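# Observations on the three-dimensional arrangement
Below, each chain spelled out in residue letters.
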Amino acid sequence: MSLESLPTRYDPESFESSWYERWESSGAFSPEVPSDRPPFCIVIPPPNVTGILHIGHALQFTLQDLVIRWRRMQGYNALWLPGTDHAGIATQVMVERQLAKEGLSRHELGRERFLERMWQWKEEHKDNISRQAKALGSSCDWTRERFTLDEGLSRAVRRAFVTLYEEGLIYQDRRLINWCPRCHTAISDLEVVHHEHDGAMWDFAYPLEGGGEIVVSTTRPETMLGDTAIAVHPDDPRYTGLVGGFAIHPFLHRRIPIIADADLVDPELGTGAVKVTPAHDPNDFETGRRHDLEFINILDSEGRINAEGGPFEGMDRFEARKAVLEALAEKGLLRGEKKHPMSIGRCQRCDTVVEPWLSKQWFVRMETLARKALQVVRDGEIKLVPDFWIATYEHWLENIQDWCISRQLWWGHRIPAFFCPRGHVAVSETPIDTCPECGAPVEQDPDVLDTWFSSGLWPFSTLGWPDESEDFRTFYPTSLLITGFDILFFWVARMIMMGCHLAGDIPFRTVHLTGLVRDAKGDKMSKTKGNTIDPLEMVHTYGADAVRFTLAALASPGRDLPLDVKRMEGYRAFATKVWNAARFVQMKLEGDEPALEELDLRLLDPAERWILSRLSRTVREVNRAWEELRFDEACRLLYHFVWHTYCDWYLELAKGVAGRREVRAVLRGVLLQALELLHPVMPFITEEIAAHLGHDGMLITSRYPEPVEAWEDEALEAGFTALQELIGGLRSYRAMVGLAPRHPIGITLVNVDTDRAAFLQAHAEQLAQLAAVESIGTGEPPEHSVHELLGGMEVALELPAGSLGEAQIDTIRRQIDQLEKARISTEKRLANEAFLSRAPAEVVEGARRQLDETITRLKRLRATIEAVGG
RNA sequence: AGGCGCGUAGCUCAGUUGGUUAGAGCGCAUCCCUCACACGGAUGAGGUCCGCGGUUCGAGUCCGCGCGCGCCUACCA
């Protein structure tokens, strides 16, 4: 067997894309349907179809790919289903901006032509995301790629809407909604972002009909144009005579009733009298309903004062605020102004201040949906990871409001509701022309649905629902969802509600909520701050494997990820390390190495059996870590095994004996398993190396390693730990006394357990190689030797006399101080009657042993100073 | 205002059911270009585990209070 040798330099760009093509064209990304193998399915959180990949996506893609590759290698019938979202407002805003540059508005263009532009834009950008996903190595099944506006998914949306409508869970109502005057659409409560803001509160007086005045406070003076009542507390003695009377509007001259309302008014606050604007404030809206007040809408869709505002008509709402205050002052009605910190709601998409606005919209009734969604999480049917999110999830669902789902946009799923001139409403999955009730011609509702409505169906609509498709039967409920905690309500909760209600089962069994990727200083990344990190640039500079490993290693549960490119450099160094180790192994191979399973353990030397034992334990722990979604831990384990166990120790131990066939087989076999273990995180480099080592088939379809109990040998590992500690101790000792690393030294093991001593003596060659030990004896130590406790063993070292300088003696003295402290604390513990009687026997025994060791060690250190010091 | 999370080495973070001399990576210092690797090797320095109190033979770990930071939810005119 002659294999092409690995290039000297690790150059990820030279092989990454070709591996991706090989995987994809081999069909490895597609599951078998039907299949006898257990299913494992992840649906991707669909990115904006015209968006570009940011580092947060890179994190989620990495973790999803990692789990999918691992499960696929474990033999699951794995499907990672990719796709994109039409992202209603966000995308429409982009195209509208583009139009604005041409001096056009969507209204000038008309709905049909505007939508053509939208689709054109979508076509131009739709490959961005998939291209970037591929660069990261994402093993999605592209043959199943979906887009929320595809025919199939649109059908699912219509079915969902009609079903919910027929069940009375979707209804139309005229009420206060959040209106964005810039986007010209209603938005849901979740799409309003609240920020603290230095506002002000003004007091002004309403003249009373029979003379006198009543003073009210407000943070929004312009809304007084829509006031239709003044409310006081029924028990407030200051106002008892006034209830039932009227005030006169100073600008509009209408009579305003004074009412008593215990729910709205807190007599302790301000003057205890409140202006009521039912059409522009949620609390006042409720009050208006309770008291059957007039609802006067004073704003148009642009946020300007309409004809109801009399002299203020045509003014923008903020202009009107100033003008109203000035006019009040002019009339001598303004009574005061004070600072008032308040939170103000803005549109998530465009940052415009949102207006509570009266309009007719479609809503989803949340009560029953939420109850079920709560239950499946409480019962553990759906697991949230980390589980502290359960409390947040519950709190939100318990206080949930009905969801406004209609949007006055064009880019999206048109609401399948039809109106006839007589006021009948018909809802239908297929287009209709005439009213089913009266036969009159109908018009379809011009509005579209909230994007999250279709996203809420994603886990089943992508699998073919409402059809009982093979994919749906095979993969629903899906296995795992990995997404950011920031869309727990927007998306996760809604999928759970919709899935349970419409698809007949939970949408996924486990939800892993990732943290936010931040910059090296822990600041949030943002384009305006200019601290964003472009994942593709990272892939280009460090290689996709290093990027993936970094993100996975940083992904501690429930924490944000402070991303420092230093970290990425470190993991590229790790990739280079793997590469170089492989080059070394490859150089030693002769082509006749049997697989690990074919080796007779009894014919192997301890070093080989040791690395196999370490490997098996690592395999066990890595599998457990993946199982628990502890990506950080798995990465740590892999890093440590490959670098600090395999490279630092095993390769060094094997160097002298690598000519032997068994040793070569172990060198190769362990490396191959390490590559398999690493493959889910570092798919490219592992494939490249494995191919050069003559691995049979691609890693992507190989079997993921499983622990081999027969390889595990605790006693042997203890022996190696002793050997390592002896070598480390000797090196450390040399450094301390200033003895050159290669200066030969003789050692004698004093009072060391016979088996252990024999084991160490059997490794004389390795001791010579790694610690320049020229002789290793047992029994009586030679005269003038220095005694040390290395690896828990008493070792006599033959050192040149007088080799300790002041600095070295200082070091020893510091160690003595430290040990003295330990000795005193242990003695104290052992003198404590309560400790002896209550602590478990093995703990007490451990303390005794420790004390003995400490005392011996102290003795040796002092002897050392005597023997070789000064 | 309520809820949640965090506070461990210079930096970023681990730390399993409480077990006693608290770990990793990076950074730093000293030495070494030893025939896989200087994106490397060897060795080392560095911590009152935010503070106070409690439970316990024993607390980074459990409980209470406080301080600081972050996030989420909320219609305080």
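Described in the following lines is the structure provided in the data block. All of these numbers come straight from a predicted model, not from anything done at the bench.

## Here's the deal with the sheet that holds strand β20 (residues 443–444)
Judged by pairing direction, the sheet is antiparallel, and its 3 strands sit side by side in the order β19-β18-β20 without closing on themselves. Sheet topology places β19 (425–427) and β20 at the edges, where each strand pairs with a single neighbour. Strand direction decides the pairing type here: strand β18 (residues 417–419) and β19, joined by 3 bridges, are antiparallel. Bridging across to β19, A417 finds its partner in V427.

## Here's the deal with the nonpolar core
The biggest cluster of nonpolar side chains holds 211 residues, and the ones touching the most others in it are F453, I496, W626, F631, Y646, Y650 and V681. Broken down by element, this core gets its largest block of residues, 14 residues, from helix α20 (residues 631–654). Counting 35 residues, the second largest nonpolar core, distinct from the first, contains W179, A186, I305 and L328.

## Points about the packing of helix α19 (residues 606–627) against helix α21 (residues 661–678)
Between α19 and α21, the shortest axis-to-axis distance is 11 Å and the interhelical angle comes to 10°. Put simply, α19 runs roughly parallel to α21. For the pair α19 and α21, contact is made by E608, I611, L612, L615, V619, V622 and W626 and by V663, V666, V670, Q673 and L677, respectively. Taken together, the residues of the contact of α19 with α21 sort by class into 10 nonpolar, 1 polar and 1 charged.

## Observations concerning the protein's contact with RNA strand B
In the neighbourhood of RNA strand B, 50 residues make up the surrounding shell, with L269, V274, N283, R559 and R838 lying closest. Of all atoms in RNA strand B that approach within 4 Å of the protein, 62% are sugar or phosphate atoms. Taking K577, its side chain carries an N or O atom lying 2.9 Å from a base oxygen of RNA strand B. In the environment of RNA strand B, a base nitrogen lies 3.3 Å from a nitrogen or oxygen atom belonging to the backbone of A581. Those elements that provide at least two residues to the surface near RNA strand B are β8 (213–218), α11 (389–398), α18 (565–588), α20, α23 (714–737), α26 (806–831), α27 (833–838) and α28 (841–868). Counting residues per element, the surface near RNA strand B draws most heavily on α18, at 9 residues. A class-by-class count of the residues in the surface near RNA strand B yields 20 nonpolar, 17 polar and 13 charged.

## Here's the deal with helix α22 (residues 683–692)
Within α22, 9 of the 10 residues are buried, which leaves it mostly tucked inside the rest of the structure. Within the sequence span of α22, burial applies to P683, F684, I685, T686, E687, E688, I689, A690 and H692. Those residues of α22 hidden inside the fold are in contact with α1 (16–26), α2 (55–73), α6 (127–135), α17 (544–554), α18 and α21. Just downstream of α22, G694 is the residue with a positive phi angle, here 75°.

## Looking at the state of the cysteines
Tallying each qualifying case throughout the model produces 0 disulfides. Lacking any disulfide linkage, C438 is separated from the closest cysteine sulfur, that of C435, by 3.6 Å. C438 sits in the partly exposed class, given a relative accessible area of 24%. Counting only cysteine sulfurs, C41 is the nearest neighbor of C500, a cysteine outside any disulfide, at a range of 16 Å.

## Concerning the pairing of strand β7 (residues 192–207)
Bridging between β7 and strand β13 (residues 334–347) involves 13 bridges; their strand directions are antiparallel. What sits directly across from E196, in β13, is S343. With 6 bridges connecting them, β7 and β8 associate as antiparallel partners. Each residue of the ladder has a partner; that of Y206, found in β8, is I214.

## Brief notes about the environment of T474
Within the secondary structure, T474 is located in helix α14 (residues 470–475). Those residues within four positions of T474 in sequence are excluded, and the remaining contacts are V33, P39 and N77. A polar contact of 2.6 Å, which involves the side chain of T474, links it to the backbone oxygen of E470.

## Details of the pattern of salt bridges
Scanning all chains against the criterion turns up 51 salt bridges. Each of R220, E222, R317, R321 and E355 takes part in one network of salt bridges that share partners.

Cut-offs applied
Residues numbered from 1 in each chain as written. Chains lettered and ligands numbered in written order. Predicted model: local features only at pLDDT ≥ 70, side-chain atom pairs only at ≥ 80, totals over all residues. Heavy atoms only, no water. Pairing = 2+ DSSP bridges. Helix = DSSP H or I, 4+ residues; strand = E, 2+ residues; numbered from the N terminus. Core = buried A, V, L, I, M, F, W, Y, C linked by side-chain atoms within 4.5 Å. Buried < 20%, exposed > 50% of the residue type's maximum accessible area, 1.4 Å probe, protein only. Axes fitted to C-alpha atoms, helices over the stretch in contact; angles between N-to-C directions. Parallel < 35°, antiparallel > 145°, perpendicular 65-115°, else oblique. Contact = heavy atoms within 4.5 Å. Nonpolar A, V, L, I, M, F, W, Y, C, P; charged D, E, K, R; others polar. Near = heavy atom within 4 Å. Polar contact = N/O pair within 3.5 Å; in protein donor to acceptor, adjacent residues only side chain to side chain. Disulfide = S-S within 2.5 Å. Salt bridge = Lys/Arg side-chain N within 4 Å of Asp/Glu carboxyl O.

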